[in-house]
Amino acid sequence: MTTPADPYLLTPGPLTTAASTKEAMLRDWGSWDADFREMTARLRRSLLDIAGDTNGDYDCVPLQGSGSYCVEAMLGSFVPRDGHALVLANGAYGKRMATTLRYLGRRHTVHDTGDYLPPRAADVERILAANADITHVVVVHCETSSGILNPVEEIAEVTQRLGRRLLIDSMSAFGAIPLDVRTLPCDAFVSSANKCIEGVPGFGFVIAKKEVLRDAKGNSHSLALDIYDQWDVMNRTGQWRFTPPTHAVAAFIEALRLHTLEGGQPARLARYARNRDVLVAGMRSLGFEPLLTEPWRSPIIVTFFSPSDPAFSFERFYELMKAQGFIIYPGKLTTVESFRIGCIGALDESVMRRVIEACGNALASLGVANGAPAPASLGAREALAA
Ligand SMILES: *Cc1c(COP(=O)(O)O)cnc(C)c1O
């Protein structure tokens, strides 16, 4: 049972984890110990299996810190100091990559399509054709700030065709949305422990071509975030450079076991998609409308317009949901009022039905008759449908 003291996290990481994943942390591990080194090796192999690396062309490098540390490590290690990156931004995480490149002093160009429009291959082709010195394209797989699933396949195709290199932030997608290195040409991508694999926070991982890892020697601006050095030391000693997040690794091994037991990426996608479908249908029955049209709506997190009824207040709605055992997420759009509900974590459609019931109760407490947004807000979606 989940009580208000132990709520479901309907947030895109940290998220609700299985009891056995939490229990896996009730033991201390020595970082040098052979058992822990074996856990690290198993973790790396399992992630490469999920990425479809049957040819051994890629390697997996786990790194301490939250997901942004891995993004920064990937950009600093793989975009050379004389490189030029094209950042495809349509939300906070794309913008954060541009900010990161600015901090790193790496030349970059931003193609910003706003809060909810995807980057398209034709635009990328035009920009690359006009800028021969762009070496890398950087894209977010699922832009968690709106929940949009970006078309990484078409971006990968045009990037490869025009002879450039692709780096992907697949933080909130990998493990649930297909990302197979045999069919999706990319130099590297990153994800972290506390997203679709359903582990606890503490580290992320970079999956990169071995040839790209070898070429990264000497590129990084930072010792702690040097992916080449982390890879080299891990391959030579089986250990992490610097203190590893031992308990988070132990939890992740259990989370990976549960991922396999469920049926791997396809089964996880099916459960999350079902969560989303039950959520969207239920919210619509209360009058709410999702920001995104169906083809772009990810099974990771859904953004809803805030109701136009002046009695609605997100802060009070949040507290009323929390009192019923559900933690929801504020919106991250720049133009319209919105909030988000995550579909990922150790929860299923029966939980989503209770979320809907709780939303109905919260609206009633607020005296909001209907969750419908202002008609003008819906205009935002017209551009997407076009
Ligand atoms: C969660 C997430 C990140 C990393 O965020 P941290 O707070 O550093 O873990 C990066 N990109 C995307 C798309 C994410 O969803």
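These numbers come from a predicted model, not from an experiment.

Caption draft 1: Inspection of the nonpolar core at higher detail. Residues Leu-47, Phe-189, Ile-207 and Phe-252 are the most contacted members of the largest nonpolar core, which totals 45 residues. A total of 8 residues in this core trace back to one element, the largest contributor, which is helix H9 (residues 246-262). Leave out the neighbours within four places in its chain, and Ile-207 touches Leu-47, Leu-48, Ala-51, Tyr-58, Asp-59, Cys-60, Phe-174, Asp-187, Ala-188 and Phe-189. Formed by 31 residues, the second largest nonpolar core is a distinct cluster that contains Val-61, Met-74, Val-190 and Tyr-228.

Caption draft 2: Just the state of the cysteines, in detail. For the structure on display, the rule yields 0 disulfides. Cys-343 carries a free sulfur, and the closest cysteine sulfur to it, the one in Cys-142, is 9.6 Å from it. Cys-343 gets classed as buried once you look at its relative accessible area, which sits at 0%.

Caption draft 3: A look at the sheet that holds strand S10 (residues 203-209). The strand order S2-S10-S9-S8-S5-S3-S4 describes an open sheet built from 7 strands, whose pairing is mixed. The outermost strands of the open sheet, each flanked by one partner alone, are strand S2 (58-64) and strand S4 (107-112). For this sheet, the mean angle separating the axes of adjacent strands, direction not counted, is 20°. Where S2 lies against S10, 7 bridges are found, and the strand directions are antiparallel. Within S10, the position partnered with Leu-63 by the bridge is Gly-204. Relative to the sheet, helix H4 (residues 92-104) contacts strand S3 (84-89), S4, strand S5 (136-140) and strand S8 (165-169), its axis offset from that of S3 by approximately 155°. In this fold helix H8 (residues 227-237) packs onto S2 and S10, with an angle of close to 105° to the strand it touches most, S2.

Analysis parameters
- Residues numbered from 1 in each chain as written.
- Predicted model: local features only at pLDDT ≥ 70, side-chain atom pairs only at ≥ 80, totals over all residues.
- Heavy atoms only, no water.
- Core = buried A, V, L, I, M, F, W, Y, C linked by side-chain atoms within 4.5 Å.
- Buried < 20%, exposed > 50% of the residue type's maximum accessible area, 1.4 Å probe, protein only.
- Helix = DSSP H or I, 4+ residues; strand = E, 2+ residues; numbered from the N terminus.
- Contact = heavy atoms within 4.5 Å.
- Disulfide = S-S within 2.5 Å.
- Pairing = 2+ DSSP bridges.
- Axes fitted to C-alpha atoms, helices over the stretch in contact; angles between N-to-C directions.

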